[in-house]
Amino acid sequence: MYVINRIPSSIQVRCQSKDTDLGLQTLQTNQQLHWSFHINIFETTLYFCHFYWGANDAFFDVFTHRFSNRHCVVVFAQEYNCTWEAREDGFYVSNGSGNFTKIFDWNKKTG
C-alpha cells in the first residue's frame, strides 16, 4: 500500500486497521507512506486513513477486499498493491498501471 502526497505543501495522514496503527505521519510534497500486509483468512482485512491538509480533511477506507478487486493488483498470493495519491482536488487510486481514478474529495471546511 502506498499513499503519496502530490499537494505542493505538507499533509498529515494517520492510517490504521483493527490491529495496526501506523501513527500520525507528516508527508511533504511527493513523499510517500508505504506498508505491507496480508489479507486475513476471512477476507475482512480493512485499512482506513484520516487525512489533514490545512482546514481540509478526509476519512475513508483505503483497502477492503471488495475494493481491492477493482482498484489494486495482486503481487503475491493474498498480497495486494494499491497506490493512493492525495491531490488538491481529491484522492486518486491506481493499480500500478500508471492510470489514476479519482475516488474521493476533500471535506472542505469553511468559515
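Refer to the structure printed above.
These lines cover the structure that appears in this document, whether it is placed above or below. Predicted model only: the values in this text are computed from it and were never measured.

## A look at the pattern of salt bridges
All chains considered together, the criterion is met by five salt bridges. Between R6 and E85 there is a salt bridge, with its nearest N and O atoms 3.0 Å apart. Placement of the pair is R6 in the loop between strand 1 (2-5) and strand 2 (11-16) and E85 in strand 9 (residues 83-87), with a sequence separation of 79 residues. In this structure R6 comes out as partly exposed when scored by relative accessible area, which is 37%.

## A short note on the sheet that holds strand 4 (residues 32-34)
Within the open sheet, the five strands sit side by side as 4-1-9-10-11. Their pairing is mixed. This sheet does not close on itself; its edge strands, each paired only once, are strand 4 and strand 11 (101-104). The sheet shows a mean angle of 25 degrees between the axes of neighbouring strands, direction not considered. Two strands pair when backbone bridges link them, and strand 9 and strand 10 (residues 90-94) are joined in this way by five bridges, in the antiparallel orientation. Looking at strand 10, one finds that R87 is bridged to G90.

## What to know about the nonpolar core
Ranked by internal contacts, the top residues of the largest apolar core, which has 26 residues, are W35, F51 and W84. Residue assignment for this core shows that the elements contributing at least two residues are strand 2, strand 5 (46-53), strand 6 (56-64), strand 9 and strand 10.

## Remarks on the state of the cysteines
Every disulfide links exactly two cysteines, by a covalent bond between their sulfur atoms. Throughout the structure, instances matching the rule amount to one disulfide. Note that C15 is cross-linked by a disulfide to C49, the S-S spacing being 1.9 Å. Across the disulfide from C15 to C49, rotation about the S-S bond amounts to roughly 110 degrees, and the bridge is consequently right-handed. Here C15 is found in strand 2, whereas its partner C49 is found in strand 5, with 34 residues between them in sequence. Overall, the relative accessible area of 0% leaves C49 in the buried class.

## Observations regarding unusual backbone geometry
Even without a glycine there, the phi angle at N30 is positive, about 70 degrees. Examined against the element boundaries, N30 turns out to sit in the loop between strand 3 (21-27) and strand 4.

## Quick word on the packing of aromatic side chains
Under the criterion given, the structure shown has 10 aromatic pairs. When the ring of W35 is compared with that of Y47, the centres are 5.5 Å apart and the planes differ by 45 degrees; the resulting orientation is tilted. Taken together, the residues W35 in the loop between strand 4 and strand 5 and Y47 in strand 5 connect sequence positions 12 residues apart. Note on accessibility: W35 and Y47 belong to one class, buried.

## Quick look at the sheet that holds strand 5
In spatial order, the strands read 3-2-5-6; together these four strands make up an open sheet with antiparallel pairing. Every interior strand has two partners, whereas the edge strands, strand 3 and strand 6, have only one. Pairwise comparison of adjacent strand axes, ignoring direction, gives a mean angle of 15 degrees for this sheet. As judged from the five bridges shared by strand 2 and strand 3, these two strands associate in the antiparallel manner. Each residue of the ladder has a partner; that of Q16, found in strand 3, is D21.

Criteria and thresholds
Residues numbered from 1 in each chain as written. Predicted model: local features only at pLDDT ≥ 70, side-chain atom pairs only at ≥ 80, totals over all residues. Heavy atoms only, no water. Salt bridge = Lys/Arg side-chain N within 4 Å of Asp/Glu carboxyl O. Helix = DSSP H or I, 4+ residues; strand = E, 2+ residues; numbered from the N terminus. Buried < 20%, exposed > 50% of the residue type's maximum accessible area, 1.4 Å probe, protein only. Pairing = 2+ DSSP bridges. Axes fitted to C-alpha atoms, helices over the stretch in contact; angles between N-to-C directions. Core = buried A, V, L, I, M, F, W, Y, C linked by side-chain atoms within 4.5 Å. Disulfide = S-S within 2.5 Å. Phe/Tyr/Trp six-rings, centres within 6.5 Å; stacked < 30°, edge-to-face > 60°.

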